[in-house]
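Coordinates in review
Each chain is listed here by its residues.
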Amino acid sequence: MRFRIIMFVLTASVIAFAFIHSSMPSVESAQESESVLDFVTVILKFFGIDPNLSDHIIRKIAHFTEYTVLGALLCSCAYSFDRIKPIKFVPYTVSIGLFTCFVDETIQLGIEGRSGQVSDMWIDFFGVLLGTAVMLVAFTGRYERSTNYMYANKKGISMGNMENSVKPHENKMGTMPMTRLILTMSLPAIFSMTIQAMYNVVDSIFIGNYDADGLTATSLAYPLQMLLIAFAAGTAVGVNSFVSRKLGEKNFVQANDGATHGLVTCIFNYVIFLLLGLFAVRPFMAMYTQNEAIVNYGIQYLTVVLCFSFFSIVQIMVEKTLQATGNMIFPMLSQFFGAIVNIIF
């Protein structure tokens, strides 16, 4: 009960903090953002980093971070009600987070010099989803470890040998005829990888209809996009290999642990590309061209691609993990849905 009360108080405090700042007039808000920008710049320069930050970027990062904390706290509130399956409360917590984002932007419509933006609402909501996802991974891993420990004690076996006591489970990779298995496993994967490679192509086609410099910028940005995909896919393939081997050995406990740790590595990969998106984009673009218009277009494009790459990284990890279990259809559909959203919006 004490944990639940603390979580509710902290959640209410974060929401109140967000609403109070949204109620500030534009002049006061700008002064506060400039103070934060100056502080961050001093800290980064102390470590020898020359940041390319603006008041606008500081605002977006602050909002995203604020709502990431809110998402984590909302998920913790769900955990306080059910420590076994907090995920069943996630639709409610995510809905509360989305409603909070909506109210936050609506408040700004009535404040002098402020304006509510739909794009800002979605940035905030992505923060809620990130915080929720991180806490779900943490709570799930904690529950599995405690359950495994209690099960081992009850059976009088060591944790190292516990997987041998788990009842084996067969999936299609151990029973399906070879030719049919190859076709059902390969064709959806080919389709998914083709869709992944088309993202930059679709962006280039869209931008090329408006500005040649913009098309050049997206072409120059492609190496960093490919580096992002390489990190995400490389890590995910490693997890895929580990999980599939453990499933083949009927070692389901280590397979679950591998999948859980794979999601955790997504956070580390994201931090790398978040830092690249904040500090390395301008130097990267400047290596290829001195055209200021192309450099600025590239900065705008890569900042969005890299700073909000968390969802792409997680999607690739989940896709490869599911493929390790023999499920090829759901990853293909998720890629297809993402491609359609990218084309439309």
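Everything below is about the structure printed above this text.
Calculation notes
Residues numbered from 1 in each chain as written. Predicted model: local features only at pLDDT ≥ 70, side-chain atom pairs only at ≥ 80, totals over all residues. Heavy atoms only, no water. Helix = DSSP H or I, 4+ residues; strand = E, 2+ residues; numbered from the N terminus. Buried < 20%, exposed > 50% of the residue type's maximum accessible area, 1.4 Å probe, protein only. Polar contact = N/O pair within 3.5 Å; in protein donor to acceptor, adjacent residues only side chain to side chain. Expected span 1.5 Å × (residues − 1). Arc of directions from axis to C-beta. Salt bridge = Lys/Arg side-chain N within 4 Å of Asp/Glu carboxyl O. Phe/Tyr/Trp six-rings, centres within 6.5 Å; stacked < 30°, edge-to-face > 60°.

Section: the side chain of Gln-225
Tracing the chain through its elements places Gln-225 in helix α8 (residues 212–248). The class of Gln-225 is buried, set by a relative accessible area of 11%. In this structure the side chain of Gln-225 is engaged in a polar contact, spanning 3.1 Å, whose partner is the side chain of Tyr-301.

Focus on helix α1 (residues 2–22)
For α1, spanning 21 residues, the distance from its first C-alpha to its last is 30 Å, which sits close to the expected 30 Å at 1.5 Å a residue. Every buried residue belonging to α1 is among Met-7, Thr-11, Val-14, Ile-15, Ala-18 and Ser-22, and all of these are buried. The arc enclosing the buried residues of α1, seen along the axis, measures out at 95°, which places them on a common side. Opposite the buried face of α1, at more than 90 degrees from it, the exposed residues are Arg-2 and Ile-20.

Observations concerning helix α10 (residues 292–307)
Given a rise of 1.5 Å per residue, 16 residues ought to cover 22 Å, and the 22 Å separating the end C-alpha atoms of α10 matches this to within 8%. Capping the start of α10 is the job of one residue whose side-chain oxygen sits 2.9 Å from the backbone nitrogen of Ala-293: Asn-291.

Examining the environment of Ser-244
Position of Ser-244 among the secondary structure elements: in helix α8. Accessibility expressed as a relative area gives 29% for Ser-244, which makes it partly exposed. Separated by 11 residues in the primary sequence, Ser-244 and Ala-255 have C-alpha atoms spaced 7.6 Å apart.

What to know about the pattern of salt bridges
Applying the stated rule across the entire model yields two salt bridges. The partner of Glu-249 in a salt bridge is Lys-246, with the nearest N and O atoms 3.4 Å apart. Among the residues examined, Glu-249 registers a relative accessible area of 48% and is labelled partly exposed. By relative accessible area, which is 13% here, Lys-246 ends up buried. In this structure, Arg-282 engages Glu-292 in a salt bridge whose closest nitrogen and oxygen atoms are separated by 3.4 Å. Placement of Arg-282 in helix α9 (residues 252–286) and of Glu-292 in helix α10 is noted, with a sequence separation of 10 residues between them.

Brief notes about the packing of aromatic side chains
This structure, assessed with the given rule, holds six aromatic pairs. On the numbers, 5.5 Å between centres and 75° between planes, the contact of Tyr-270 with Phe-310 is edge-to-face. A residue pair is termed long-range when its members are at least 10 positions apart, and Tyr-270 in helix α9 and Phe-310 in helix α11 (residues 310–324) qualify at 40 residues. When its relative accessible area of 6% is taken as the criterion, Tyr-270 is described as buried. Note on Phe-310 and Phe-311: the rings are 5.7 Å apart at their centroids and 80° apart in plane angle, and the pair reads as edge-to-face. Residue classification places Phe-311 among the partly exposed residues on the basis of a relative accessible area of 27%. An aromatic cluster is built from Phe-126, Tyr-270, Phe-310 and Phe-311, whose rings are joined through pairwise contacts.

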